[in-house]
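Survey of secondary and tertiary structure
What follows is each chain in one-letter form.
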Amino acid sequence: MARADAEARTLALTLVVFGAARAGKSSLLRAIHERIAEEHRGEETPVGGGGDVGLPLDWVPLDLGDVAGWRTRVHLYAVPPEQHADATRRLVLAQADGILFVADAQTSRLEANQDAMAALRGQLVSDSDGRREIPIVFVVTKEDLPEELLLTREVLEAALNRDNAPVFSCNLARGEGVFRALQAVIGSAMRQVIALPPDSE
Ligand SMILES: Nc1nc2c(ncn2[C@@H]2O[C@H](COP(=O)(O)OP(=O)(O)OP(=O)(O)O)[C@@H](O)[C@H]2O)c(=O)[nH]1
Ligand SMILES: [Mg+2]
């Protein structure tokens, strides 16, 4: 859950990166960590590989500086669906201000994507206090693979995106699309947490 200090104008957001096994969660965190400007990297060391190139990242801190008058810090956590019920992961999900759902575009992963979404929804419902909607943004990965291996966008969205949430195609090897997705989920989370007006992102 966000920690907002209205007097100090500081804000700490928790974002969860959720998705099926091998969908690209760690790659997304790595792309963000490696490509974000040095000044926006958090002070702490990312977890899940110690920040070494080539190893998966599962926790990344960001310090966005001033966003709409708030000193904003963001913690991104990768949560694999098979571990969503672990006590630690449950706690992270219960505190989420926004979700980046990583959807693997390969036809062979349709069911795994759906299972991950079902696990996420089950967890959010059971953790929910009924008072807040947690914004979800979709990150579609692997669309650089040959077309015959891929789901159409219609099928993918019909299977996963029942609430018509924003969808971003991200080539994680090249880091494309990553910051638009991040900006969208942070904007939605901030609008909920500090009632940011809709046009400021
Ligand atoms: N071609 C291609 N490969 C990708 C893309 N995103 C991820 N991968 C590859 O998919 C594999 C799995 O990526 P990870 O980032 O480790 O996936 P994960 O969701 O963290 O996996 P787990 O933590 O095991 O659940 C790696 O070999 C990545 O290089 C993409 O957009 N395109
Ligand atoms: Mg991973």
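The preceding data block contains the structure.
Report follows, based on the coordinates. (Residues numbered from 1 in each chain as written. Chains lettered and ligands numbered in written order. Predicted model: local features only at pLDDT ≥ 70, side-chain atom pairs only at ≥ 80, totals over all residues. Heavy atoms only, no water.)

The next point concerns the packing of helix 1 (residues 25-35) against helix 5 (residues 178-194). What describes two packed helices is the angle between their axes and the distance between those same axes. Direction vectors running N to C along helix 1 and helix 5 enclose 95°, while the axes themselves pass 10 Å from each other. The angle between helix 1 and helix 5 falls in the class roughly perpendicular. In this structure, helix 1 contributes Leu-28, Ala-31, Ile-32 and Arg-35 to the contact, and helix 5 contributes Val-178, Phe-179 and Leu-182. In the contact of helix 1 with helix 5, the residues fall into 6 nonpolar, no polar and 1 charged. (Axes fitted to C-alpha atoms, helices over the stretch in contact; angles between N-to-C directions. Helix = DSSP H or I, 4+ residues; strand = E, 2+ residues; numbered from the N terminus. Parallel < 35°, antiparallel > 145°, perpendicular 65-115°, else oblique. Contact = heavy atoms within 4.5 Å. Nonpolar A, V, L, I, M, F, W, Y, C, P; charged D, E, K, R; others polar.)

On to the pattern of salt bridges, then. In the structure shown here, the tally under the stated rule is 8 salt bridges. Between Glu-34 and Arg-30 there is a salt bridge, with the nearest N and O atoms lying 2.8 Å from each other. Taken together, the positions of Glu-34 and Arg-30, both in helix 1 and 4 residues apart, correspond to about one turn of that helix. On the accessibility criterion, Arg-30 (13% relative accessible area) is buried. (Salt bridge = Lys/Arg side-chain N within 4 Å of Asp/Glu carboxyl O. Buried < 20%, exposed > 50% of the residue type's maximum accessible area, 1.4 Å probe, protein only.)

Applying the stated criterion across every chain, the model contains 3 aromatic pairs. Between Trp-59 and Tyr-77, the ring centres sit 6.4 Å apart and the planes meet at 50°, which makes this aromatic pair tilted. A residue pair is termed long-range when its members are at least 10 positions apart, and Trp-59 in strand 3 (residues 59-67) and Tyr-77 in strand 4 (residues 70-79) qualify at 18 residues. What makes Trp-59 buried here is its relative accessible area of 13%. Taking the relative accessible area as the measure of exposure, Tyr-77 reaches 25% and is therefore partly exposed. Pairwise contacts between aromatic rings join Phe-18, Phe-101 and Phe-138 into one cluster. (Phe/Tyr/Trp six-rings, centres within 6.5 Å; stacked < 30°, edge-to-face > 60°.)

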